[in-house]
Amino acid sequence: MPTSGHPSASLGRRGFLALAPAGLTLAGVQAPDWRALARGLDGSLVRPGDATYDRARRLFNPAYDKIRPAAVAYCATPADVAECVAFARRYNVPVTSRSGGHSYGGYSTGTGLVVDVSRLSSIRHSAGLATIGAGAKLVDVYAKLSKLGVSIPAGTCPTVGIAGLTLGGGLGVVSRRYGLTCDVLTEVDMVTADGRRITCSPSSHPDLFWASRGGGGGNFGIATSFTFRSHGTREVTVFFLHWPWAKAGAVLRAWQKWAPSAPDGLWSNLHLSRDPSPDVTVGGLYLGSKAGCEKQLQMLADRVGSDPSSRYVRHVPYQQAMMIMAGCSSYSVSECHRPGSLPGETANGKLVRDTFSAKSHIAYAPLGDAGIRALVAQVARPGRHTVLLDALGGAIARVRPDATAFPHRKALYSVQYYAHFDGARAWARAAHTAMRTYFGDHAYVNYIDPDLKGFLGQYYGPNAPRLVRTKSQYDPTGLFHLPQGL
């Protein structure tokens, strides 16, 4: 406990906010006073030795299990987040924000203070706007909004947090109709490096609002809430088509010309997998009737030159479609979580963690014959791995590349190299290197890749200088530091 005369002995709640105003570090304090921080939180602080510590420190990817934070703060309020930021600044403790814990580079943990916003998970809707806490998981966002007959464009992985997805741009299954997740963002509440709680919008802190739409999480502050324009929902059509591996090149050639130029209501992906057997799958979602979807799918088959060997096409309620795309078609919403009692987990959760390595490219032009052969050859190598291509175009392409921090508006599709251990990293590196000749140097910040050189240009293109200027304005001392930060 603090001793008499110690600066924290008389701290009330929010004590570090009072003691450490913007830009000030108090001298004479040798060690962080974690007990004082715990008393100052409405949420909870988990420290080494606590019963829940080994679970609290884990990310989705077990590859980062060796990292041991000094503490994990489960913040219950935005004021808790501000208290953590003030504490980190005062004691010069490294601070990392965490929403879903899915950072491909492990950047949602660290050796200092992990600020987990999972408890900030409220989801409200009024007058066409959805206000969502930064810790809400996508499965819950879809489920709660669907009951109101609305949704927002977002991704498929059910336990991804809304914060990381939005701040990096947000590719999703209805983005070709409604835009990226960041495109429907109207304001974001954030705690900045100086401890202020601010609301960013086109008229308030506009540079930070711009940077929060594709500039990547963890760079400028810790987001606590987002407000989005919503869209109405109705029944949609989901589909999965399979071709034999011998048709992999033909399907790739046809898909990359069909998918990015399809009607806005059709989104699709192409998976070339060896997990463990080679497989070719085109999956997706169509905002329309089954008959309309079948017509579009036949156009793809005609381009391939053969019908798929198997097909699944179903017209279903919107929420059911989101559960299918999440891989949770046989689960309840509660089961579509990781199991446990920590924030963001459920007692009956059935989802498991996954050890993987991943990299990305952004394709601005179709692959020619040589590129197609090269990509198919990489997938055919022994191992458990997949190349995932997600169609862009549509509404995404109708936004100027400099209108938000996300620069890849004119791209045709994203490319993700995803591999499971053992040998995952070696395969992902080799595949990425082999395809660089064909795709060039463009990457998606939400698939953050610690190996990239010149990552600012690859993630942000010509938007990088403005992002760096915004970083210097809102975090001049670099309190929020990432290995691939701004």
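Throughout this description, residue numbers start from 1 for each chain and increase along the sequence as written. Residues qualify for local features only when their pLDDT is at least 70, as the model is predicted, and side-chain atom pairs are given and counted only at 80 or more; totals for whole chains, interfaces and linings, by contrast, use all residues. With hydrogens and water excluded, all non-hydrogen atoms of the structure serve as input to the side-chain values.

### As for the sheet that holds strand β9 (residues 197-200)
Pairing between the strands of a sheet is mediated by backbone hydrogen bonds and can be parallel or antiparallel.
Thinking step 1. By definition, two strands form a pair when at least two bridges between them are found by DSSP. Segments assigned H or I by DSSP are reported as helices when at least four residues long, segments assigned E as strands when at least two residues long, and all are numbered from the N terminus. The five strands lie next to each other as β5-β6-β10-β8-β9, forming an open sheet whose pairing is antiparallel. In this open sheet, the two edge strands, each paired with only one partner strand, are β5 (123-126) and β9. The average undirected angle you get between the axes of adjacent strands in this sheet is 20 degrees.
Thinking step 2. Both strand β6 (residues 129-133) and strand β10 (residues 221-229) contribute to a ladder of five bridges, which runs antiparallel. Looking across to β10, one finds that leucine 129 is bridged to arginine 229.
Thinking step 3. Throughout, a contact is declared for two residues whenever any of their heavy atoms are within 4.5 Å. To obtain each axis, a line is fitted to C-alpha atoms, and for helices this fit is confined to the stretch in contact; angles are then taken between N-to-C directions over 0 to 180 degrees. Of the strands in this sheet, β5 and β6 are in contact with helix α5 (residues 138-146), which crosses β5 at around 35 degrees.

### Overview of helix α15 (residues 464-474)
Thinking step 1. Residues Ala464, Leu467, Thr470, Lys471 and Tyr474 constitute the buried set of α15. Within α15, the buried residues cover an arc of 120 degrees as seen down the axis, which keeps them to one side.
Thinking step 2. On its buried face, α15 is in contact with β8 (185-192), β9, α8 (206-211) and α14 (455-460). Buried, partly exposed and exposed residues are distinguished by accessible area as a fraction of the type maximum, computed with a 1.4 Å probe on protein chains only: under 20%, between the cut-offs, and over 50%, respectively. In this description, the arc belongs to the directions extending from the helix axis to the C-beta atoms.

### Overview of the sheet that holds strand β4 (residues 113-116)
Thinking step 1. Here four strands make up an open sheet; going across it, the order is β1-β2-β4-β3 and the pairing mixed. The open sheet has two free edges, formed respectively by β1 (44-46) and β3 (95-98), since each of these has just one partner strand. In this sheet, neighbouring strand axes are inclined to one another by 20 degrees on average, regardless of whether the strands run parallel or antiparallel.
Thinking step 2. For β3 and β4, the ladder comprises four bridges, and the chain directions are parallel. In the strand pairing of β4, serine 97 is matched with valine 115.
Thinking step 3. Across the sheet, helix α4 (residues 78-91) touches β2 (71-74), β3 and β4, and the angle it forms with β4 is around 165 degrees.

### Describing the confidence of the model for the protein chain
Thinking step 1. For the protein chain, mean pLDDT is 94; residues scoring 70 or higher make up 94% of the total.
Thinking step 2. Contacts of residues 1-12 to residues separated by more than four positions or lying in other chains number 18 contacts, the stretch itself having pLDDT below 50.
Thinking step 3. Within a predicted model, pLDDT stands for the predictor's per-residue confidence, ranging from 0 to 100. The low-confidence segment residues 20-27 (pLDDT under 50) makes 13 contacts with residues lying over four places distant or belonging to another chain.

### A look at the packing of aromatic side chains
The geometry of an aromatic ring pair is captured by the separation of the ring centres together with the interplanar angle, meaning the angle of the planes.
Thinking step 1. Each Phe, Tyr or Trp ring (for Trp, its six-membered ring) is paired with any other whose centre lies within 6.5 Å, and the angle between the two planes then decides the class: stacked below 30 degrees, edge-to-face above 60, tilted in between. Counted according to the given criterion, the structure contains 14 aromatic pairs.
Thinking step 2. Plain terms: the ring middles of phenylalanine 60 and phenylalanine 356 are 6.3 Å apart, the flat faces sit at 50 degrees to each other, and that makes the pair tilted. Highlighted residues: phenylalanine 60 in the loop between α3 (53-56) and β2 and phenylalanine 356 in strand β16 (residues 356-363), separated in sequence by 296 residues.
Thinking step 3. An aromatic cluster is built from Phe60, Tyr104, Phe356, Phe406, Tyr418, Tyr444 and Tyr447, whose rings are joined through pairwise contacts.
Thinking step 4. Sitting over the ring of tyrosine 312, arginine 314 keeps its end group 4.5 Å from the ring centre.
Thinking step 5. Charge-over-ring contacts are defined here by two conditions on Lys NZ or Arg CZ: a distance within 6 Å of the ring centre and an angle within 35 degrees of the ring normal. One Lys or Arg, arginine 466, reaches over the ring of tryptophan 210 and ends 4.0 Å from the middle of that ring.

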